Amino acid sequence: MGQPVSPQGILVFISLLGLGISAVIYGRMLLALRREGGLVRAGQFALPDLVVALGLGALFGGLVALSVAKPSDAVEMSAGRLVQSSLTLAAILFALGGYLSFRGFDLRETFGLSRVAAPVVVARAGVLLFGAFPLVALAGFAAQHWIKDGAAEQELVQIFRGAAEKGDSSMMFAVFFTGVVVAPVCEEMLFRGFFYAVGKRFAGPWISGFVTAVTFAAFHGNLVSLAGLTVLALAFTLAYERTGSLAVPITMHALFNGTSLSILYLQATGQLVA
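Everything numeric here is computed off the predicted structure, so don't read it as measured data. (Residues numbered from 1 in each chain as written. Predicted model: local features only at pLDDT ≥ 70, side-chain atom pairs only at ≥ 80, totals over all residues. Heavy atoms only, no water.)

Undergrad: Could you give an account of the overall build of the protein chain, with specific residues and numbers?
TA: Tallying secondary structure elements over the protein chain gives ten helices and zero strands in all. For the protein chain, the α and β elements follow one another from N to C terminus as α-α-α-α-α-α-α-α-α-α. Per-residue burial over the protein chain gives 41% buried out of 274 residues. Long-range contacts, defined here as pairs at least 24 residues apart, represent 82% of the contacts in the protein chain between residues at least 6 apart. For the protein chain, the computed accessible surface area is about 14,900 Å², with 69% contributed by carbon and sulfur atoms. (Helix = DSSP H or I, 4+ residues; strand = E, 2+ residues; numbered from the N terminus. Buried < 20%, exposed > 50% of the residue type's maximum accessible area, 1.4 Å probe, protein only. Contact = heavy atoms within 4.5 Å. Areas by Shrake-Rupley, 256 points an atom, 1.4 Å probe, with all protein chains shown as cover.)

Undergrad: Describe the nonpolar core, and please don't skip the residues or the numbers.
TA: Core analysis: the largest hydrophobic core is formed by 50 residues, its most contacted members being Tyr26, Leu128, Leu190, Phe194 and Met252. Take this core: its biggest share by element is ten residues, from helix 7 (residues 169–203). Excluding residues that lie within four positions of it along the chain, leucine 128 makes contacts with Ile25, Tyr26, Met29, Ala239, Val248 and Met252. (Core = buried A, V, L, I, M, F, W, Y, C linked by side-chain atoms within 4.5 Å.)

Undergrad: Mind laying out the packing of aromatic side chains, listing which residues take part and the relevant values?
TA: Inspection of every chain in the model, using the stated rule, returns twelve aromatic pairs. Ring centres of phenylalanine 60 and phenylalanine 191 lie 6.3 Å apart, and the angle between their planes is 25°; on these two criteria the pair is classed as stacked. Here phenylalanine 60 is found in helix 2 (residues 47–69), whereas its partner phenylalanine 191 is found in helix 7, with 131 residues between them in sequence. You can call phenylalanine 60 buried: its relative accessible area is 6%. Classification of phenylalanine 191 by relative accessible area gives buried; the value is 1%. With centroids separated by 5.4 Å and ring planes inclined at 85°, the aromatic side chains of phenylalanine 191 and phenylalanine 216 adopt a geometry described as edge-to-face. (Phe/Tyr/Trp six-rings, centres within 6.5 Å; stacked < 30°, edge-to-face > 60°.)

Undergrad: Break down the layout of surface pockets for me, with residues and values.
TA: In this structure, the second largest pocket spans a volume of roughly 360 Å³. If you trace the second largest pocket, you find 20 residues lining it, with Leu30, Trp206, Leu234, Thr237 and Leu238 closest to the centre. Considering only residue class, the lining of the second largest pocket consists of 13 nonpolar, four polar and three charged. (1 Å grid on protein atoms, 1.4 Å probe; cavity = no way out; pocket = protein on both sides within 12 Å on 5 of 7 lines; lining within 4 Å. Points joined across faces, edges and corners; volume = space filled by probe spheres on them. Nonpolar A, V, L, I, M, F, W, Y, C, P; charged D, E, K, R; others polar.)

Undergrad: Provide a residue-level description of the packing of helix 6 (residues 155–166) against helix 10 (residues 247–268), including the pertinent values.
TA: Running from N to C, helix 6 and helix 10 point in directions that differ by 40°, and their axes come no closer than 9 Å. For the element pair helix 6 / helix 10, the angle class is oblique. Here helix 6 and helix 10 pass one another in a crossing that is right-handed. In this structure, helix 6 uses Val157, Phe160, Arg161, Ala164 and Glu165 to contact helix 10, whose residues at the interface are Leu261, Leu264, Tyr265, Gln267 and Ala268. (Axes fitted to C-alpha atoms, helices over the stretch in contact; angles between N-to-C directions. Parallel < 35°, antiparallel > 145°, perpendicular 65-115°, else oblique. Left-handed = near helix turned anticlockwise from the far one by under 90°.)

Undergrad: Help me get a handle on the packing of helix 7 against helix 8 (residues 205–219), residues and values and all.
TA: Helix 8 packs onto helix 7 with a crossing angle of 150° between their chain directions and a minimal axis gap of 8 Å. Considering the angle they form, helix 7 stands roughly antiparallel to helix 8. Where helix 7 crosses over helix 8, the two elements pack in a sense that is right-handed. Contacts between helix 7 and helix 8 involve Glu187, Glu188, Phe191, Arg192, Phe195, Tyr196, Gly199, Lys200 and Ala203 from the former and Pro205, Ile207, Ser208, Gly209, Thr212, Thr215, Phe216 and Phe219 from the latter. Of the residues that constitute the contact of helix 7 with helix 8, the class distribution is eight nonpolar, five polar and four charged.

Undergrad: Requested: an account of the environment of arginine 242, with residues and values cited.
TA: By secondary structure assignment, the location of arginine 242 is in helix 9 (residues 226–243). A sequence separation of 213 residues divides arginine 242 from methionine 29, and the C-alpha atoms of the two residues are 7.1 Å apart. Ignoring anything within four residues of it in the chain, the contact list for arginine 242 reads Met29, Ala32, Leu33, Glu36 and Leu39.

Undergrad: Break down helix 5 (residues 118–147) for me, citing the residues and quoting the values.
TA: Here helix 5 contains 30 residues, and its C-alpha end-to-end distance of 40 Å stays within 8% of the 44 Å for a straight helix at 1.5 Å per residue. At alanine 132, helix 5 shows its strongest bend, of approximately 30°, with the proline proline 134 following within four residues. (Expected span 1.5 Å × (residues − 1). Bend = angle between axes of the 7 residues up to and from the residue.)

Undergrad: I'd love a proper account of helix 8, names of residues and values included.
TA: Here helix 8 contains 15 residues, and its C-alpha end-to-end distance of 20 Å stays within 8% of the 21 Å for a straight helix at 1.5 Å per residue. Among the residues of helix 8, Ser208, Gly209, Thr212, Ala213, Phe216 and Ala217 are the ones counted as buried. Projection of helix 8 onto a plane perpendicular to its axis shows the buried side chains occupying an angular sector of 155°, all on one side. One or two positions beyond helix 8, positive phi appears at glycine 221, with a value near 60°. (Arc of directions from axis to C-beta.)

Written out as structure tokens, the structure is:
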């Protein structure tokens with residue numbers, strides 16, 4: 001009789017299988033994009049849009065630098081402050097939408113929001129996110145192994161974990177709403193819809209995709225999650241280019257955050273062993 005398979009062996013097998021699935025899904029996407037080109041419209045952007053993109057990038061860079069220099073007490077943050085932060089991000093998006101409308105852009109057409117039917121959006125987002133998970137996990141594991149000491153969690157993760165442990169339902173709802181609704185819509189509109197498209201127009205898709213992904217990851221202000229979020233952002237960009245609809249990466253983003261927060265809730269309440 002053969003030796004029983006160890007739990008470590010099973011974990012390694014599952015990990016390798018997941019990475020293989022990821023390689024197939026995203027490898028085929030890359031080949032298709034190289035052969036057929038992407039569907040993100042960027043030709044309509046001009047020099048004024050580049051100036052605005054650089055200005056917004058500098059603004060976000062300053063906010064990240066300020067948060068790193070003067071970190072807030074995540075556990076003590078109130079639901080009101082969290083909502084205020086979300087409203088600020090939404091206000092920036094609203095101003096950007098007004099600017100683009102003033103410039104003559106049809107936002108639904110520019111972002112391809114009606115290009116793919118809603119059921120197809122959800123199906124594609126689910127498959128592409130499933131394919132991205134192993135790559136994101138591998139990047140995150142490598143980052144934790146490399147950094148070791150000082151690997152603090154993201155601020156929203158700390159807030160949600162503390163709220164779940166205390167049973168603070170209002171704070172949990174505020175974080176969940178921010179993470180699953182506000183952040184996916186606002187961040188994808190800004191980073192993929194505007195920053196990436198403008199960058200594609202002036203620097204090409206590969207440079208813009210990488211720079212936007214790193215900027216997106218850095219915007220979250222957490223060193224240990226930088227690698228994983230960069231990989232995730234690249235997956236969002238590929239999904240946007242392949243489908244031509246920003247609704248797909250928005251849905252991927254929402255599903256990723258919702259899944260992560262749900263797992264975190266189960267861990268914090270002792271229903272799931274980490």
